[in-house]
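Structure assessment
Residue strings, one per chain:
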Amino acid sequence: MSYCTYVNALQEGEAILHKTYHDQHYGYPIEDDHELFGRLLLEINQAGLSWSLILQKEAGFRKAYDNFNIRQIAAYGEQDSLRLLNDAGIVRNRLKIAAAIYNANAVLQLQELHGSFKNWLDLHHPLPLQEWMKLFKRTFKFTGGEIVNEFLMSTGYLPGAHDSDCPIYRQVLQRGVKWQQLPE
């Protein structure tokens, strides 16, 4: 069976972790705002690091960041920031931690205005990547082009998560990804 090029090129130690993510999560639409926010948080934390490291630490992130509960993260204060900076189960980076708290507050505002984070994303879809990047830069912290691209691909808003001959590609299509509607 042919899988995506990157899955076929994985080293033995990376294969199980990446293949599980590839087969069950990557490119699939996410309906739940907390999970959408969690994916954004993970993508931001991956900046400058390997995705393998983020996948290894995903459970640590989920625990440290209250299961990605947006309202709880938005309320984090200095004690929470210090707790996170000392948590070896996550990426300990002051800027990324501050971005998580800021971005949680931004998502709360989006929820208030649009009903949900997902509704806000749907409202702006479809946009070309450059427009998404401008929108994210105006709305969030620590969201450069690669972070925005990966977040949107990994949540089904932009194409490219899977090679067209990958069996998961067809499964993602059946789940109603948003990029099906992109103009040619």
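Look up: the structure comes first, before these words.
Residues numbered from 1 in each chain as written. Predicted model: local features only at pLDDT ≥ 70, side-chain atom pairs only at ≥ 80, totals over all residues. Heavy atoms only, no water.

Our next topic: the side chain of H162. With respect to the secondary-structure elements, H162 resides in the loop between α10 (145–154) and α11 (167–174). Once you skip the residues sitting within four places of it in the chain, H162 turns out to touch C4, H22, Y26, G27, I168, Y169 and V172. (Helix = DSSP H or I, 4+ residues; strand = E, 2+ residues; numbered from the N terminus. Contact = heavy atoms within 4.5 Å.)

In globular proteins that are soluble, nonpolar side chains generally tend to be buried together. Counting 47 residues, the largest nonpolar core has Y65, F117, L121 and F136 as the members making the most contacts within it. Counting only elements with at least two residues in this core, the list comes to α3 (33–46), α4 (51–64), α5 (70–74), α6 (78–85), α7 (94–114), α8 (117–124), α9 (129–139) and α10. Of the residues forming this core, the biggest block, eight residues, is contributed by α7. Apart from the residues lying within four places of it in its own chain, the contact partners of Y65 are L41, I73, Y76, L84, I90, I97 and A100. Listed in part, the nine residues of the second largest apolar core include C4, V7, Y28 and V172. (Core = buried A, V, L, I, M, F, W, Y, C linked by side-chain atoms within 4.5 Å. Buried < 20%, exposed > 50% of the residue type's maximum accessible area, 1.4 Å probe, protein only.)

Attention now goes to the packing of helix α2 (residues 12–24) against α4. Closest axis-to-axis distance for the α2/α4 pair is 10 Å, and the angle between their directions is 80 degrees. In terms of their interaxial angle, α2 and α4 are classed as roughly perpendicular. Here E14, L17, H18 and Y21 of α2 come into contact with α4, specifically with W51, S52, L55 and Q56. Class assignment for the residues of the contact of α2 with α4 results in four nonpolar, three polar and one charged. (Axes fitted to C-alpha atoms, helices over the stretch in contact; angles between N-to-C directions. Parallel < 35°, antiparallel > 145°, perpendicular 65-115°, else oblique. Nonpolar A, V, L, I, M, F, W, Y, C, P; charged D, E, K, R; others polar.)

That bond from H125 to P126 is cis: its omega, 0 degrees, falls within 30 degrees of zero. You can see P126 is positioned in the loop between α8 and α9. The residue D66 is not glycine, and still its phi comes out positive at about 45 degrees. In this fold, D66 is placed in the loop between α4 and α5. The exposure class of D66 is partly exposed, given its relative accessible area of 29%. Positive phi values are uncommon outside glycine, yet N67 reaches one of about 55 degrees.

Attention shifts here to the packing of α9 against α10. A packed helix pair is summarised by two numbers, namely the angle formed by the two axes and the spacing between the axes. Two numbers describe how α9 lies on α10: the axes approach to 9 Å, and their chain directions differ by 110 degrees. Classified by the angle their axes make, α9 and α10 are roughly perpendicular. Listed contacts from α10 to L129, W132, M133 and F136 of α9 are G145, V148, N149, F151 and L152. A breakdown of the residues in the contact of α9 with α10 according to their chemical character gives seven nonpolar, two polar and no charged.

A word on the packing of aromatic side chains. Aromatic ring pairs are defined here through the distance separating the ring centres and the angle between the ring planes. The final tally for this structure, using the stated rule, is 13 aromatic pairs. Between the aromatic rings of W120 and F136, the centroid separation amounts to 5.8 Å while the plane-to-plane angle is 55 degrees, which identifies the pairing as tilted. With W120 in helix α8 and F136 in helix α9, the pair connects residues that are 16 residues apart, well separated along the chain. Ring geometry for F136 and F140: centres 5.2 Å apart, planes at 50 degrees, overall tilted. Residues F136 and F140 agree in their burial class; the two are buried. Among the aromatic side chains, those forming a connected cluster through ring pairs are F117, W120, W132, F136, F140, F151 and Y157. (Phe/Tyr/Trp six-rings, centres within 6.5 Å; stacked < 30°, edge-to-face > 60°.)

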